[in-house]
Amino acid sequence: MAVEWTVTIEGRNEFGDTCRKEVRIEKSWEGLFDGDIGLSIEDGKKIMAALQSAVVNHEADTYVLFRRVCPDCHTFRPVKDYTTRQIRTVFGTVKVRNPRWVLCRDCYPGMDGALAPLKEICPDRATSELMELTARLGSVMPYRQAAKVLAEFLPIEPTESHATVRKRTIRIGKRLDDQIMRETWRVRSQMDDRHQLEMQLPGDRRKEFVISIDTAHVRSAEPNSARNFELVVARCGRGGRGEAGGRYFVTGSTAQHAIRDRALHSLREVGYRGFGDVTVISDGAEILKRLPRAMPKPTVHIIDWFHIAMKIQPMQQIADHIVRSRSDPFDALTTIDRDIRAVKWRLWHGRVDRAIRDLESLLASLKQPQGNAEFSIERLHSLGAQLLTYVRSNRGAIIDYGKRYRGGLRVATTLAESAVNSLVGKRMVKKQQMRWSLHGAHMLMQVRTAEINGELRDRLRAPFRQPEPSVPPLFRPKPPLLRAA
């Protein structure tokens, strides 16, 4: 025994004409014993595909009729030919009638050209919603898994494979990247060195613009390149500790001007207009030192305190172990734990020169023969030498962290570290064995960045309608009122 359900879809256009379409679904009573109750996913796909076909054909016919009218003389343009165009949507592929109109011969004498109206509203042969959904899924999960999820819940064609998902994601990333590049040209005009024009209120933590920047390593797929390449990941915003971190940006180019342009573009979105205090917080990598030198002045570069503390932490643990294992109270290494704590305290308060002198004297004492625990001493000496080299190479970027911390300002690249994990790590590094090209990784990151910034839909919904064909002014007809005058 079976029951047939009929779903009637009825629509009315602008001219009062009614179009109707029916969809029949059969349900078997025997299926109830198997738990098959209600409409299934396949039934929903069938209904939505039929509804989508009716709506798309109606809207396409209406827009084609509207575009046939010449905007100058308000008469119908001649027909060149009729073809069929496939439009891919989230609810299946729809075949629509695709006419082409010839330019009006009265308004454009001697001009030979044709226009396809449907190409204006659907240049990719796919709706913007399908492009956005495909790019969003392709940016958060592997391409094959994204294609499987789309096929599982949407009535799309089998041709929507992982290759299609990858191509659409890269295409959307290229479109977003081009938009950002065009916007950076406007930001470059504000590169003059200026001073803060806002009122300096005491205790105002939002008076400075903070750029937390870091690098991420991605496995390379290029056979003639290195095993890994770097992506620059940053977060730009205003405010102190505990406040919102601002906007993300990722770029595959490590050139100085490329990083600067991306940073200025992100700062502009949070209120930067070429003047104000800018603070760059990084881990001291040579690639990241290029940004403070290229930014408008005043710009301050700060070394992340977390990286300094993590270099001191293993030294402190080894020193505590050495002191606990020493039984001779007159041993020269009985105060080594306090000496390392003193170095950390001086670095925290920005006393770099005194910290360097203490480190040098500490390393000199570790070179003397100490008898037992030679391995621990050698390890401690190696870590101390690395810390001394790190402090010397970044001494100009080590500040009074205690004063800055008490003022409620940021002293670490926590925001950049979390950005590396959420943007790059989850998609390209952790639990993923795939390899990437620099171009593909850069474009994919543009999609992920736009999504996490909450602007992916707005950027893809930007006007993409192509303008009217370019016509010389000699052949441009005058408006009717001016012609009558």
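Since we're looking at a predicted model, the values are computed, not measured.

**Student:** Lay out the layout of surface pockets with the relevant residues and their values.
**Tutor:** One number sums up the size of the second largest pocket: a volume of about 230 Å³. For the second largest pocket, the lining is made up of 13 residues, of which Tyr143, Arg166, Met434, Arg435 and Trp436 are closest to its centre. Of the residues belonging to the lining of the second largest pocket, the class tally is six nonpolar, four polar and three charged.

**Student:** Kindly report on the side chain of Lys45, identifying the contributing residues and their values.
**Tutor:** Structurally, the position occupied by Lys45 is in helix α1 (residues 41–68). Residue Lys45 is classed as buried on the basis of its relative accessible area, which comes to 11%.

**Student:** Account for empty space enclosed by the protein, with residues named and values stated.
**Tutor:** This structure, assessed with the given rule, holds four cavities of 30 Å³ or more. Counted as a void, the largest cavity has a volume near 100 Å³. In this structure, the largest cavity is lined by 14 residues; those nearest its centre are Ile180, Arg247, Gln446, Thr449 and Glu455. Looking at the lining of the largest cavity, the elements that each hand over two or more residues are α5 (162–187), β8 (247–251), α6 (256–269) and α14 (438–452). In terms of residue class, the lining of the largest cavity is made up of five nonpolar, five polar and four charged.

**Student:** If you had to explain the environment of Gln433 to someone new, which residues and values would you point to?
**Tutor:** Structurally, Gln433 is set in the loop between α13 (414–429) and α14. Each C-alpha atom, one on Gln433 and one on Arg219, is 8.6 Å from the other, the two residues being 214 residues apart in sequence.

**Student:** Tell me about the sheet that holds strand β4 (residues 92–102), residues and numbers included.
**Tutor:** As summarised here, the arrangement of the three strands in space is β3-β4-β5, forming an open sheet in which the pairing is antiparallel. Each end of this open sheet is capped by a strand with a single partner; those strands are β3 (79–89) and β5 (114–115). For β3 and β4, the ladder comprises 10 bridges, and the chain directions are antiparallel. Within the sheet, the bridge partner assigned to Gln86 lies in β4 and is Lys95.

**Student:** Residue-level account of the packing of aromatic side chains, with values.
**Tutor:** All chains considered together, the criterion is met by eight aromatic pairs. With a centroid separation of 6.3 Å and an interplanar angle of 45°, the aromatic rings of Tyr63 and Phe66 are classed as tilted. Remark: Phe66 and Tyr63 occur in helix α1; sequence separation between them is three residues, near one turn of the helix. Between Tyr82 and Trp101, the ring centres sit 6.4 Å apart and the planes meet at 90°, which makes this aromatic pair edge-to-face. Of this pair, Tyr82 sits in strand β3 while Trp101 sits in strand β4; the two residues are 19 residues apart in sequence, bridging distant segments of the chain.

Criteria and thresholds
Residues numbered from 1 in each chain as written. Predicted model: local features only at pLDDT ≥ 70, side-chain atom pairs only at ≥ 80, totals over all residues. Heavy atoms only, no water. 1 Å grid on protein atoms, 1.4 Å probe; cavity = no way out; pocket = protein on both sides within 12 Å on 5 of 7 lines; lining within 4 Å. Points joined across faces, edges and corners; volume = space filled by probe spheres on them. Nonpolar A, V, L, I, M, F, W, Y, C, P; charged D, E, K, R; others polar. Helix = DSSP H or I, 4+ residues; strand = E, 2+ residues; numbered from the N terminus. Buried < 20%, exposed > 50% of the residue type's maximum accessible area, 1.4 Å probe, protein only. Pairing = 2+ DSSP bridges. Phe/Tyr/Trp six-rings, centres within 6.5 Å; stacked < 30°, edge-to-face > 60°.

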